[in-house]
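Okay, here's what each chain looks like letter by letter:
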Amino acid sequence: MSKFIKSLAVISALAIFATGFTSCKNDEDNDTSTSTTNTGFEGTYYNINAINQLKTVSGQNDIPYAQCSVEEVIFKKDGTGTYKIHQMEYDSEDGRQRFNLTENFHYTKSGQTLNFTVQNEEMEFTIESDDKLACENDDRKYDKGEIEEIYAYLNIESSENTVTNKVIILGKGDSANFRNLVTKFYDFQREPSIEDEKIEATYTKSGTSISFKKKYSGDELPGGTISTDEDSGITHLTIGEEKYRKL
(Lines give C-alpha, C1' and ligand atoms only; values in the text may rest on other atoms or scores of the structure.)
Protein backbone atom coordinates (compact mmCIF):
# COMPACT_ATOMS: atom_id res chain seq x y z
CA MET A 1 0.00 0.00 0.00
CA SER A 2 2.92 2.34 0.62
CA LYS A 3 3.84 2.08 -3.04
CA PHE A 4 0.29 3.01 -4.03
CA ILE A 5 0.33 6.11 -1.84
CA LYS A 6 3.83 7.01 -2.98
CA SER A 7 2.87 6.97 -6.64
CA LEU A 8 -0.20 9.12 -6.09
CA ALA A 9 1.90 11.65 -4.18
CA VAL A 10 4.43 12.26 -6.98
CA ILE A 11 3.25 15.63 -8.29
CA SER A 12 6.48 17.23 -9.46
CA ALA A 13 7.21 14.48 -11.98
CA LEU A 14 6.01 14.13 -15.55
CA ALA A 15 2.37 13.03 -15.65
CA ILE A 16 0.49 12.27 -18.85
CA PHE A 17 -3.22 12.14 -18.36
CA ALA A 18 -5.62 10.07 -20.20
CA THR A 19 -11.33 9.13 -13.81
CA GLY A 20 -14.09 9.58 -7.05
CA PHE A 21 -13.79 9.29 -3.71
CA THR A 22 -14.75 9.25 0.82
CA SER A 23 -16.48 6.49 2.58
CA CYS A 24 -20.21 5.81 2.45
CA LYS A 25 -22.34 8.02 4.68
CA ASN A 26 -25.16 5.48 5.19
CA ASP A 27 -28.80 6.57 5.49
CA GLU A 28 -28.12 10.27 5.97
CA ASP A 29 -26.95 10.48 2.35
CA ASN A 30 -30.55 10.00 1.22
CA ASP A 31 -31.80 12.99 3.20
CA THR A 32 -33.32 15.23 0.53
CA SER A 33 -32.78 18.29 2.73
CA THR A 34 -29.04 18.24 1.91
CA SER A 35 -27.13 18.49 -1.36
CA THR A 36 -25.21 15.27 -0.70
CA THR A 37 -26.46 12.02 -2.25
CA ASN A 38 -25.06 8.60 -2.96
CA THR A 39 -27.06 7.96 -6.12
CA GLY A 40 -27.55 9.28 -9.60
CA PHE A 41 -24.06 9.48 -11.14
CA GLU A 42 -22.68 6.92 -13.57
CA GLY A 43 -19.92 6.39 -16.10
CA THR A 44 -16.63 4.61 -16.72
CA TYR A 45 -13.49 6.76 -16.64
CA TYR A 46 -9.84 5.94 -17.26
CA ASN A 47 -6.39 7.44 -16.72
CA ILE A 48 -3.10 6.61 -18.45
CA ASN A 49 -0.05 7.88 -16.59
CA ALA A 50 3.75 7.84 -16.91
CA ILE A 51 6.47 9.33 -14.71
CA ASN A 52 10.09 9.32 -15.85
CA GLN A 53 12.85 10.40 -13.47
CA LEU A 54 15.31 7.75 -14.59
CA LYS A 55 17.98 10.32 -15.39
CA THR A 56 18.87 12.09 -12.17
CA VAL A 57 19.07 15.87 -12.01
CA SER A 58 21.26 17.34 -9.27
CA GLY A 59 19.21 18.79 -6.44
CA GLN A 60 15.90 17.46 -7.82
CA ASN A 61 15.82 13.66 -7.92
CA ASP A 62 18.84 11.91 -6.48
CA ILE A 63 17.38 8.41 -6.81
CA PRO A 64 16.29 7.29 -10.30
CA TYR A 65 12.54 6.66 -10.23
CA ALA A 66 9.86 5.76 -12.76
CA GLN A 67 6.23 4.75 -12.71
CA CYS A 68 3.55 3.87 -15.23
CA SER A 69 -0.06 2.93 -14.58
CA VAL A 70 -3.51 2.48 -16.04
CA GLU A 71 -6.61 3.13 -13.92
CA GLU A 72 -10.29 2.46 -14.52
CA VAL A 73 -13.05 3.87 -12.30
CA ILE A 74 -16.65 2.72 -12.74
CA PHE A 75 -19.50 4.69 -11.13
CA LYS A 76 -23.04 3.25 -10.91
CA LYS A 77 -26.31 5.08 -10.30
CA ASP A 78 -26.95 3.18 -7.07
CA GLY A 79 -23.96 4.85 -5.37
CA THR A 80 -21.51 1.97 -5.79
CA GLY A 81 -18.49 1.64 -8.01
CA THR A 82 -15.29 -0.25 -8.81
CA TYR A 83 -11.70 0.98 -8.90
CA LYS A 84 -9.00 -0.88 -10.88
CA ILE A 85 -5.30 -0.18 -11.32
CA HIS A 86 -2.35 -1.90 -13.01
CA GLN A 87 0.92 -0.23 -12.07
CA MET A 88 4.69 -0.70 -12.33
CA GLU A 89 7.29 1.26 -10.36
CA TYR A 90 11.07 1.36 -10.44
CA ASP A 91 13.75 2.91 -8.29
CA SER A 92 17.44 2.08 -7.95
CA GLU A 93 17.00 0.87 -4.37
CA ASP A 94 13.99 -1.44 -4.75
CA GLY A 95 14.15 -2.30 -8.45
CA ARG A 96 10.91 -3.05 -10.32
CA GLN A 97 7.69 -3.58 -8.41
CA ARG A 98 4.18 -4.20 -9.67
CA PHE A 99 0.94 -3.25 -7.97
CA ASN A 100 -2.53 -4.42 -9.01
CA LEU A 101 -5.84 -3.70 -7.31
CA THR A 102 -9.53 -4.17 -7.88
CA GLU A 103 -11.76 -2.77 -5.13
CA ASN A 104 -15.45 -1.95 -4.85
CA PHE A 105 -16.53 1.26 -3.13
CA HIS A 106 -19.47 3.48 -2.19
CA TYR A 107 -19.37 7.09 -3.30
CA THR A 108 -21.09 10.31 -2.32
CA LYS A 109 -21.89 13.22 -4.62
CA SER A 110 -22.18 16.83 -3.50
CA GLY A 111 -22.65 19.29 -6.34
CA GLN A 112 -19.80 18.59 -8.78
CA THR A 113 -17.72 16.71 -6.19
CA LEU A 114 -17.40 12.93 -5.91
CA ASN A 115 -15.83 11.24 -2.89
CA PHE A 116 -14.95 7.67 -1.95
CA THR A 117 -12.25 5.63 -0.26
CA VAL A 118 -9.83 3.13 -1.83
CA GLN A 119 -7.37 1.20 0.34
CA ASN A 120 -8.07 3.64 3.20
CA GLU A 121 -7.10 6.55 0.93
CA GLU A 122 -9.80 9.23 0.72
CA MET A 123 -10.13 10.49 -2.85
CA GLU A 124 -11.93 13.56 -4.20
CA PHE A 125 -12.88 14.06 -7.83
CA THR A 126 -14.39 17.08 -9.54
CA ILE A 127 -16.79 16.63 -12.44
CA GLU A 128 -15.32 19.02 -15.04
CA SER A 129 -17.69 17.83 -17.77
CA ASP A 130 -19.65 14.72 -18.69
CA ASP A 131 -16.49 13.44 -20.40
CA LYS A 132 -13.81 14.36 -17.86
CA LEU A 133 -13.10 14.11 -14.13
CA ALA A 134 -10.21 15.74 -12.26
CA CYS A 135 -8.62 14.07 -9.23
CA GLU A 136 -7.99 16.71 -6.57
CA ASN A 137 -5.46 14.47 -4.77
CA ASP A 138 -2.84 14.59 -7.52
CA ASP A 139 -4.26 16.65 -10.43
CA ARG A 140 -4.73 13.70 -12.76
CA LYS A 141 -7.47 13.79 -15.39
CA TYR A 142 -9.78 10.89 -16.15
CA ASP A 143 -11.53 10.55 -19.52
CA LYS A 144 -14.90 8.92 -20.02
CA GLY A 145 -15.20 5.91 -22.31
CA GLU A 146 -17.71 3.34 -23.48
CA ILE A 147 -15.48 0.55 -22.19
CA GLU A 148 -15.95 -3.20 -22.22
CA GLU A 149 -12.36 -4.23 -21.45
CA ILE A 150 -8.97 -2.57 -20.86
CA TYR A 151 -5.63 -4.28 -21.49
CA ALA A 152 -2.35 -2.68 -20.36
CA TYR A 153 1.30 -3.36 -21.17
CA LEU A 154 3.77 -1.66 -18.81
CA ASN A 155 7.54 -1.69 -19.12
CA ILE A 156 10.41 0.27 -17.56
CA GLU A 157 13.92 -0.05 -19.00
CA SER A 158 16.23 1.71 -16.55
CA SER A 159 19.30 1.07 -18.70
CA GLU A 160 17.60 2.85 -21.61
CA ASN A 161 15.93 5.56 -19.47
CA THR A 162 12.61 4.57 -21.06
CA VAL A 163 9.08 4.16 -19.68
CA THR A 164 6.55 2.43 -21.95
CA ASN A 165 2.81 2.37 -21.31
CA LYS A 166 0.62 0.74 -23.96
CA VAL A 167 -3.13 0.44 -23.55
CA ILE A 168 -5.81 -1.24 -25.66
CA ILE A 169 -9.40 -0.25 -24.87
CA LEU A 170 -12.18 -2.46 -26.23
CA GLY A 171 -15.38 -0.45 -26.38
CA LYS A 172 -19.04 -1.02 -27.14
CA GLY A 173 -19.76 -2.84 -30.37
CA ASP A 174 -16.53 -3.40 -32.26
CA SER A 175 -14.69 -0.18 -31.41
CA ALA A 176 -11.14 -0.20 -30.07
CA ASN A 177 -8.61 2.47 -29.11
CA PHE A 178 -4.84 2.13 -28.83
CA ARG A 179 -2.72 4.44 -26.66
CA ASN A 180 1.04 4.03 -26.91
CA LEU A 181 2.79 6.33 -24.45
CA VAL A 182 6.60 6.32 -24.34
CA THR A 183 8.84 8.70 -22.39
CA LYS A 184 12.63 8.67 -22.72
CA PHE A 185 15.46 10.72 -21.24
CA TYR A 186 18.32 11.65 -23.54
CA ASP A 187 21.73 12.67 -22.25
CA PHE A 188 21.45 16.20 -23.65
CA GLN A 189 17.95 16.81 -22.27
CA ARG A 190 16.78 17.66 -18.76
CA GLU A 191 13.22 16.68 -19.69
CA PRO A 192 12.18 13.43 -21.39
CA SER A 193 10.95 13.30 -24.95
CA ILE A 194 7.37 12.07 -25.22
CA GLU A 195 5.72 9.95 -27.89
CA ASP A 196 1.96 9.58 -27.47
CA GLU A 197 0.37 7.63 -30.31
CA LYS A 198 -3.40 7.26 -30.52
CA ILE A 199 -5.08 4.87 -32.95
CA GLU A 200 -8.81 4.36 -33.47
CA ALA A 201 -9.59 0.83 -34.58
CA THR A 202 -12.18 -1.94 -34.82
CA TYR A 203 -11.77 -5.45 -33.49
CA THR A 204 -13.10 -8.95 -34.11
CA LYS A 205 -12.97 -11.84 -31.65
CA SER A 206 -12.93 -15.45 -32.80
CA GLY A 207 -12.54 -17.91 -29.96
CA THR A 208 -9.37 -16.90 -28.12
CA SER A 209 -8.06 -14.86 -31.07
CA ILE A 210 -8.58 -11.15 -31.59
CA SER A 211 -7.80 -9.10 -34.71
CA PHE A 212 -7.66 -5.34 -35.25
CA LYS A 213 -8.04 -2.94 -38.16
CA LYS A 214 -7.56 0.82 -38.36
CA LYS A 215 -10.97 2.46 -38.22
CA TYR A 216 -10.81 4.64 -41.32
CA SER A 217 -8.27 2.98 -43.63
CA GLY A 218 -9.11 -0.63 -42.82
CA ASP A 219 -5.39 -1.48 -42.58
CA GLU A 220 -4.72 -4.50 -40.41
CA LEU A 221 -2.96 -4.10 -37.07
CA PRO A 222 -1.15 -6.90 -35.22
CA GLY A 223 -3.62 -9.26 -33.58
CA GLY A 224 -3.22 -11.50 -30.58
CA THR A 225 -4.46 -14.26 -28.33
CA ILE A 226 -6.47 -13.97 -25.11
CA SER A 227 -5.79 -16.44 -22.30
CA THR A 228 -6.69 -16.76 -18.60
CA ASP A 229 -4.38 -18.33 -16.03
CA GLU A 230 -6.29 -21.00 -14.13
CA ASP A 231 -4.39 -20.49 -10.86
CA SER A 232 -4.35 -16.68 -10.65
CA GLY A 233 -7.46 -15.93 -12.70
CA ILE A 234 -5.51 -13.19 -14.53
CA THR A 235 -6.44 -12.64 -18.18
CA HIS A 236 -3.76 -11.61 -20.68
CA LEU A 237 -3.75 -10.49 -24.29
CA THR A 238 -0.51 -11.55 -25.99
CA ILE A 239 0.52 -9.63 -29.11
CA GLY A 240 3.91 -10.71 -30.44
CA GLU A 241 6.33 -10.60 -27.51
CA GLU A 242 4.18 -8.22 -25.47
CA LYS A 243 1.79 -9.51 -22.81
CA TYR A 244 -1.04 -7.12 -21.89
CA ARG A 245 -2.86 -7.58 -18.57
CA LYS A 246 -6.62 -7.14 -18.34
CA LEU A 247 -7.74 -4.70 -15.67
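Look a little higher up for the structure.
A quick note: this is a predicted structure, and the numbers were derived from the prediction, not measured.

Caption draft 1: Structural detail: the sheet that holds strand S18 (residues 242-246). Pairing is antiparallel around the closed barrel formed by eight strands, whose spatial order is S11-S12-S13-S14-S15-S16-S17-S18. Direction aside, neighbouring strands of the sheet carry axes that sit 30° apart on average. Direction of pairing for strand S14 (residues 193-206) relative to strand S15 (residues 209-214): antiparallel, over a ladder of six bridges. Following the sheet pairing, Ser206 is matched in S15 by Ser209.

Caption draft 2: A look at the side chain of Asp91. By the element assignment, Asp91 lies in strand S4 (residues 80-91). Here Glu93 takes part through its backbone nitrogen, which lies 2.9 Å from a polar atom of the side chain of Asp91. A distance of 2.6 Å separates a polar side-chain atom of Asp91 from the backbone nitrogen of Asp94.

Caption draft 3: Fine view of the pairing of S4. By the criterion of burial, S4 is predominantly enclosed, with 11 of the 12 residues buried. Note that strand S3 (residues 65-75) and S4 share 11 bridges and pair antiparallel. Residue Phe75 lies in a different strand from S4, and its bridge partner there is Gly81. Hairpin geometry of S3 and S4 is characterised by an intervening segment of four residues between the two adjacent antiparallel strands and by a positive phi of about 90° at Gly79.

Criteria and cut-off values
Throughout, residues of each chain are indexed from 1 in the direction in which the sequence is written. Note on the predicted model: pLDDT of at least 70 is required for a residue's local features to be given, and 80 or more for side-chain atom pairs to be given and counted; whole-chain, interface and lining totals, by contrast, use all residues. Only hydrogens and water are set aside; all other atoms, that is, all heavy atoms of the structure, feed into the side-chain values. By the convention used here, strands pair only if DSSP detects at least 2 bridges between them. Numbering goes from the N terminus for both helices and strands, where a helix is a DSSP run of H or I of at least four residues and a strand is a run of E of at least two. Helix axes are fitted to C-alpha atoms over the stretch in contact, other axes to C-alpha atoms as well, and angles between N-to-C directions run from 0 to 180 degrees. In the analysis that follows, any N or O atom pair within 3.5 Å is treated as a polar contact, provided that within protein one partner can donate a hydrogen and the other can accept it, and provided that, for residues neighboring in sequence, both atoms belong to side chains. Only protein chains enter the calculation, and the probe is 1.4 Å; a residue is then buried if its accessible area is under 20% of its type maximum, exposed if over 50%, and partly exposed in between.

This is a description of form; function is not addressed.
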